[in-house]
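Breakdown of the fold
Chain residues, written in single-letter form:
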Amino acid sequence: MGKRPKLDGLEYLLDRGETFQLTGKKYEAATGIPLPKDTYYLRKGSALAQWAKERGYYISDVQESCVPERTVSFLKKGSTL
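My aim in this report is to walk through the structure given alongside it, one point at a time. In this text the structure is predicted, and so the values were computed from the model without any measurement.

1. A word on the side chain of Ser46
Looking at where Ser46 falls in the secondary structure, it is placed in the loop between helix 3 (39-44) and helix 4 (47-54). Separated by 3.0 Å, the side chain of Ser46 and the backbone nitrogen of Ala49 make a polar contact. In contact with Ser46, other than residues within four places in its own chain, are Pro36 and Tyr41.

2. A word on the layout of surface pockets
Empty space within the largest pocket amounts to approximately 1200 Å³. As for the largest pocket, its lining consists of 30 residues, of which Leu22, Thr23, Leu35, Asp61 and Val62 are closest to the centre. Grouping the amino acids of the lining of the largest pocket by side-chain chemistry returns 16 nonpolar, eight polar and six charged. Its volume calculated, the second largest pocket comes out at about 250 Å³. Surrounding the second largest pocket, 14 residues form its lining, Gly2, Lys3, Pro5, Tyr41 and Ala47 being those nearest its centre. For the lining of the second largest pocket, a count of residues per class yields nine nonpolar, three polar and two charged.

3. Some words on the environment of Lys25
By the secondary structure assignment, Lys25 is in helix 2 (residues 24-31). Of the residues examined, Lys25 reaches a relative accessible area of 75% and is grouped as exposed. Separated by 53 residues in the primary sequence, Lys25 and Gly78 have C-alpha atoms spaced 43 Å apart.

4. As for helix 4
Ala47, Leu48, Ala49, Trp51 and Ala52 are the residues of helix 4 that are buried. Lining the buried residues of helix 4 we find helix 1 (11-15), helix 2 and helix 3.

5. So, the environment of Gly17
Assignment of secondary structure puts Gly17 in the loop between helix 1 and helix 2. Look at Gly17 and you get exposed, because its relative accessible area is 59%. Between the C-alpha atom of Gly17 and that of Tyr57, which follows or precedes it by 40 residues, the distance is 9.6 Å.

About the criteria used
In every chain, residue numbers begin from 1 and rise along the written sequence. Predicted model: local features are reported for residues with pLDDT of at least 70 only, side-chain atom pairs are reported and counted for 80 or more only, and whole-chain, interface and lining totals are derived from all residues. Side-chain figures throughout are based on the complete set of non-hydrogen atoms in the structure, without hydrogens or water. Only DSSP runs of H or I reaching four residues or more are called helices, and only runs of E reaching two or more are called strands; each is numbered from the N terminus. Polar contact is the term for a pair of N or O atoms within 3.5 Å; when the atoms are in protein, one must be able to donate a hydrogen and the other to accept it, and sequence-neighboring residues count only if both atoms are side-chain atoms. Whether two residues touch is decided by their heavy atoms; if any such pair falls within 4.5 Å, the residues are in contact. A cavity here means a set of points on a 1 Å grid, drawn over the protein atoms and nothing else, where a 1.4 Å probe fits but cannot get out; a pocket is an open set with protein on both sides within 12 Å along at least five of seven lines, and a residue lines either one if it has an atom within 4 Å of a point. Grid points are joined across faces, edges and corners, and a volume is the space filled by probe spheres set on the points. In the scheme used here, Gly and all other residues not listed as nonpolar or charged are polar, with Ala, Val, Leu, Ile, Met, Phe, Trp, Tyr, Cys and Pro taken as nonpolar and Asp, Glu, Lys and Arg as charged. Working definition: with a 1.4 Å probe on protein chains only, accessible area under 20% of the residue-type maximum means buried, over 50% means exposed, and in between means partly exposed.

What follows is the structure in structure tokens.
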């Protein structure tokens, strides 16, 4: 079993009383651990899902996005590809 997140760091999101989104980076910065990888578990059985349910929220969607990463290639002078 993994480390339990410190969800107190997310209370500020609920204080507004409105719909919100949370990125994986913000979650990790606030709780000290990364989001669970399994989407079904994240939505239904995770500590985050239980925490939200106790406060009248639920996880409606989990979106995966690919962040473009720049790659720098080096070529030695005088050589060819």
